[in-house]
Amino acid sequence: MKRRILILEKDKRAIGRLRQAFGNAGVELVDQAPTMREACEALARDRYDLVVIPLDHAQHQLSVFRAIQPGVAIAINGRADKIPDELKAEVAAIQEAIV
């Protein structure tokens, strides 16, 4: 089964690293959206298994993306020590569910 991943990112180096990591894991269908608007349009148009979002504005992006595609998995790309307080409880719950 092919997995579909959407990356919300405008930094070309970050996109390259993420594409390489997903490619190494055997993921073939990786789409990229440089803006929130383009990501929302992609989510409204296509089904994704995972959306990778940057840490900046993650809380807003989480709620918007879940409104468009309620069951979509979301990964936050960024340094763990930079997670805003308002997201720490949700990140902890996700980590607990994975373990």
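Residues numbered from 1 in each chain as written. Predicted model: local features only at pLDDT ≥ 70, side-chain atom pairs only at ≥ 80, totals over all residues. Heavy atoms only, no water.

### Brief notes about the environment of Q69
- On the secondary structure map, Q69 appears in the loop between α3 (58-68) and β4 (73-77).
- The buried category is assigned to Q69, whose relative accessible area is 2%.
- Placed 26 residues apart in sequence, Q69 and L43 show a C-alpha to C-alpha distance of 6.8 Å.
- Not counting residues within four places of it along the chain, the set of residues in contact with Q69 comprises L43, D46, R47 and Y48.
- Engagement of the side chain of Q69 in a polar contact is seen with the backbone oxygen of D46, the distance being 2.6 Å. (Helix = DSSP H or I, 4+ residues; strand = E, 2+ residues; numbered from the N terminus. Buried < 20%, exposed > 50% of the residue type's maximum accessible area, 1.4 Å probe, protein only. Contact = heavy atoms within 4.5 Å. Polar contact = N/O pair within 3.5 Å; in protein donor to acceptor, adjacent residues only side chain to side chain.)

### Describing the nonpolar core
- Of all hydrophobic cores here, the largest spans 15 residues; its most connected members are L6, Y48, V51, I53, F65 and I74.
- Counting only elements with at least two residues in this core, the list comes to β1 (4-8), α2 (36-45), β3 (50-54) and α3.
- Ranked by the residues each element gives to this core, the list is headed by α2, at four residues.
- Apart from residues no more than four positions distant in its own chain, I74 is found in contact with L50, V51, I53, L62, F65 and R66.
- Ranked by size, the runner-up nonpolar core spans eight residues in total, among them I5, I7, L18 and V30. (Core = buried A, V, L, I, M, F, W, Y, C linked by side-chain atoms within 4.5 Å.)

### Describing the sheet that holds β4
- With parallel pairing, four strands are arranged side by side in an open sheet as β2-β1-β3-β4. In this open sheet, the two edge strands, each paired with only one partner strand, are β2 (29-33) and β4. Adjacent strand axes in the sheet meet at a mean angle of 20 degrees when their direction is disregarded.
- One ladder, built from three bridges, connects β1 with β3; its direction is parallel. (Pairing = 2+ DSSP bridges. Axes fitted to C-alpha atoms, helices over the stretch in contact; angles between N-to-C directions.)

### Description of α3
- Taken together, the buried positions of α3 are occupied by A58, Q61, L62 and F65. Buried residues in α3, looked at end-on, bunch into an arc of 105 degrees, giving them a common side. (Arc of directions from axis to C-beta.)

### What about helix α1 (residues 12-24)?
- For α1, spanning 13 residues, the distance from its first C-alpha to its last is 18 Å, which sits close to the expected 18 Å at 1.5 Å a residue.
- Among all positions of α1, only A14, I15, L18 and F22 are buried. Buried residues of α1, viewed axially, fall in a sector of 100 degrees; they line one side. Away from its buried face, by an angle of more than 90 degrees, α1 presents the exposed residues K12, R13, R17, Q20 and N24.
- Of the residues flanking the start of α1, the one acting as N-cap is D11, its side-chain oxygen 2.8 Å from the backbone nitrogen of R13.
- G26 sits one or two positions beyond α1 and adopts a positive phi of about 90 degrees. (Expected span 1.5 Å × (residues − 1).)

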